[in-house]
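# Examination of the molecular architecture
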Amino acid sequence: MSEPILQVEHLKTYFATGGRFGKHPVVKAVNDVSFSIGHHETLGLVGESGCGKSTLGRTIVKINQPTGGKIYFEGKDITSLKGKELKDFRRDVQMIFQDPYASLNSRMTVGEIIREPMEIHGLYGSTKERDEKVCQLLETVGLKPDHIRRYPHEFSGGQRQRICISRALALNPKFIICDEPISALDVSIQAQIINLLQKIQEDTGISYLFIAHDLGAVKHISHRIGVMYLGSLVELGDSDELYHNPKHPYTQALLQSIPIPDPKVERAKKPVEISGELPSPLNLPSGCAFRTRCPHACERCAKETPQLRDVDGRQVACFLYK
Amino acid sequence: MSLLEVNHLTTQFTTEQGQVQAVRDVSFSLEKGEILGIVGESGSGKSQAMYSVMGLLASNGRVTEGSIRFNGTEIAPQHFAGGMKEYEAHMRKIRGNEISMIFQDPMSFLNPVLNIETQLVEPLLNHQHLSRQEARQKAIELLTKVGIPSPEARLKQYPHEFSGGMRQRIIIAIALACNPKLIIADEPTTALDVTIQAKILQLIKSLQEQMDSSVILITHDLGVVANICHRVIILYGGKIMESGTIDEIFYDPRHPYTIGLLGCVNNPEKDQELHPIPGSPPDLLQPPAGCPFVDRCEKAMKICKRMPPPVSTLSPTHSCSCWLEAKKEVLK
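None of the values given here were measured: they were computed from a predicted structure.

Here is what the cut-offs are and how they apply
Residues numbered from 1 in each chain as written. Chains lettered and ligands numbered in written order. Predicted model: local features only at pLDDT ≥ 70, side-chain atom pairs only at ≥ 80, totals over all residues. Contact = placed C-beta atoms within 7 Å. Helix = DSSP H or I, 4+ residues; strand = E, 2+ residues; numbered from the N terminus. Nonpolar A, V, L, I, M, F, W, Y, C, P; charged D, E, K, R; others polar. Pairing = 2+ DSSP bridges. Domains from an automatic or database assignment. Core = buried A, V, L, I, M, F, W, Y, C linked by C-beta atoms within 7 Å. Buried ≥ 20, exposed ≤ 12 C-beta atoms within 10 Å, placed from the backbone. Expected span 1.5 Å × (residues − 1).

### Considering the interface of chain B and chain A
- Taken together, the contact pairs 36 residues of chain B with 33 residues of chain A.
- Those elements that provide at least two residues to the side of chain B that touches chain A are α8 (194–211), α9 (222–228), α10 (246–251) and α11 (256–264) of chain B.
- Here the element with the most residues in the side of chain B that touches chain A is α8 of chain B; it accounts for 7 residues.
- Class assignment of the residues belonging to the side of chain B that touches chain A gives a composition of 16 nonpolar, 14 polar and 6 charged.

Printed below as a string of structure tokens:
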């Protein structure tokens, strides 16, 4: 593989919670995560709420400061960038957020929203040139150039998400982090947005980190998938292989839980094996974080923490595979 | 006799912009012991149709036409001689007793300042007139039934002490308290994680079988429908597009909207391309005169714009309202 566009090594993001009398329990939102993303590649990141997948995305663009570990973008260490260098880095890395109702300023017109990043980074000389670019972008995402003077409230959820995408594209980034970009949309609109993101990738060769809790959508768009549980990656591999032959017990449970829109498949399904619910991230279980719900848990799982290891061409963090 | 029979139900909302026709001429029936799925996108009227049945419409909403027969009795508000007052009095006896509801967001449904016991015994005291002692016993039974460990201790706790999945179990326990004949579940698992969703669906299914009650499940997730429902109704723009058993809808869909909907959901089992439906749903302030789907339909004809399509019966359980099917019938 050629040099990856993004490489993350042992990344940790901890949050201190308010505690009195010197007791500050720490939430380990991202706990020692390593992976890399190649050019023209989409890495899907799935997990249930509270598993740290969004925090991981936000740490990469440095909205949250990493507690430990390194992030390399195009081979350059960006972990402790500040000021102008950080600004330059953010030109190459953009983000699309989950809720298109909350992520657009309702007092700005669509033109102003999409133009703003160009103004901040001093791209294209004049407002006129910028507006030309805005019109181009609007056409790319399937909106009309005369939408430029409208306000966000005049658009539906799917159209708003298209505006968010064109804003992210305004700086010709090399990498976009999509944080649950479709979960707030209706199914018929979700497919439109997924196809749009794929088309943009074909045209520009951009890389995505696609964060979602819906494994179905993630499998469709991603080349590789990482599964997160309580701050750690438990499995990472090629999306088809991971889907058809999940190794980690958590991945297996997750796949089994997804209702498939096909009655015959659903009738043939066995009931889900895992028990209980997500333990508190304030008080992680010792050893493997999943052992409290795992049907295969043994003594060793409580004592040692399994690390990601190569198993049949993919990485799994579980003692079942040696 | 069907447990619930809804005929030509029409519900309107008065807003500053005008009349929103949220539910337009909806008819369906529900048998005893059946799980019926109601599927639609946001704004399709699926929740409002059910709120009309329950009498839980917002103050600007009104059932303008149609009949709702529950267990043989008419419960549509305009059929009460004594007006809204009599209707409300009647519905108070039915709601939470014979028909109960499970809502989407477990946190906003439970009262955060009352403990679980108070909320759980309320329907028992009001409808079944049990004593405090008996109601408490029953509450413990209910919590055990929905799979909450150490129910005695849990009764004294408050909603914030429970996780999302546990809260949804409590809501199910409240809904089941009076052995209702009909449970209306409005997106009961949308706010939950998939592994928890699978557990809650299993629970609803097994309780429904045990108690032989009927369930109406409002959802936008066709996977959930395939998992749990017997029959399904597809709503779009306030109207029923197609209805049938899940096998009929999934394996022999006739309406272009149903076909479109199935084409744009991710089925990870098959590696199909996604075929999104272009455009967006109609504005129900000025609903289209003909078929509501006409602007997004690939197979739209001239007549689709002018006249609403008639309902074609394809099998005793399968019906579809589309001019394509009507045309086929005429040609036969």
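Back to the write-up after that little detour.
### Comments concerning the pairing of strand β1 (residues 4–15) of chain B
All names here are of chain B.
- As paired elements, β1 and strand β4 (residues 61–70) share 8 bridges and run antiparallel to each other. Counterpart to F13 in the pairing with β4 is G61.
- With 9 bridges joining them, β1 and strand β2 (residues 18–30) adopt antiparallel strand pairing. Following the sheet pairing, T11 is matched in β2 by V23.
- A loop of 2 residues connects β1 with β2, the two strands running antiparallel in sequence.

### Points about the domain arrangement of chain B
All names here are of chain B.
- One can read the domain layout of chain B as domain 1 (1–97 + 178–281) and domain 2 (109–176).
- Computed from C-alpha atoms alone, the centre-to-centre distance between domain 1 and domain 2 is 26 Å.
- Contact residues are listed per partner, giving 13 residues for domain 1 and 12 residues for domain 2.
- For the side of domain 1 that touches domain 2, the leading source of residues is α8, giving 5 residues.
- Split into classes, the residues belonging to the side of domain 1 that touches domain 2 amount to 10 nonpolar, 2 polar and 1 charged.

### A closer look at the nonpolar core
- F210 of chain A together with A173 and I216 of chain B are the most contacted members of the largest nonpolar core, which has 180 residues in total.
- The element that contributes the greatest number of residues to this core is helix α7 (residues 164–176) of chain B, accounting for 8 residues.
- For this core, the domains that each give at least three residues are domain 1 (1–97 + 178–281) and domain 2 (109–176) of chain B.
- Contacts of F210 of chain A, omitting those with residues within four sequence positions, involve T42, L43, G44, L45, C178, V218, I221 and S222 of chain A.

### Some thoughts on helix α5 (residues 157–169) of chain A
All names here are of chain A.
- Taking 1.5 Å as the rise per residue, α5 with 13 residues should run 18 Å; its terminal C-alpha atoms sit 19 Å apart, in good agreement.
- Most of α5 is tucked away, with 12 of its 13 residues classed as buried.
- Turning to α5, its buried residues are G158, Q159, R160, Q161, R162, I163, C164, I165, S166, R167, A168 and L169.
- Against the buried residues of α5 lie β6 (93–96), α3 (110–120), α4 (127–140), β7 (175–179) and α6 (187–204).

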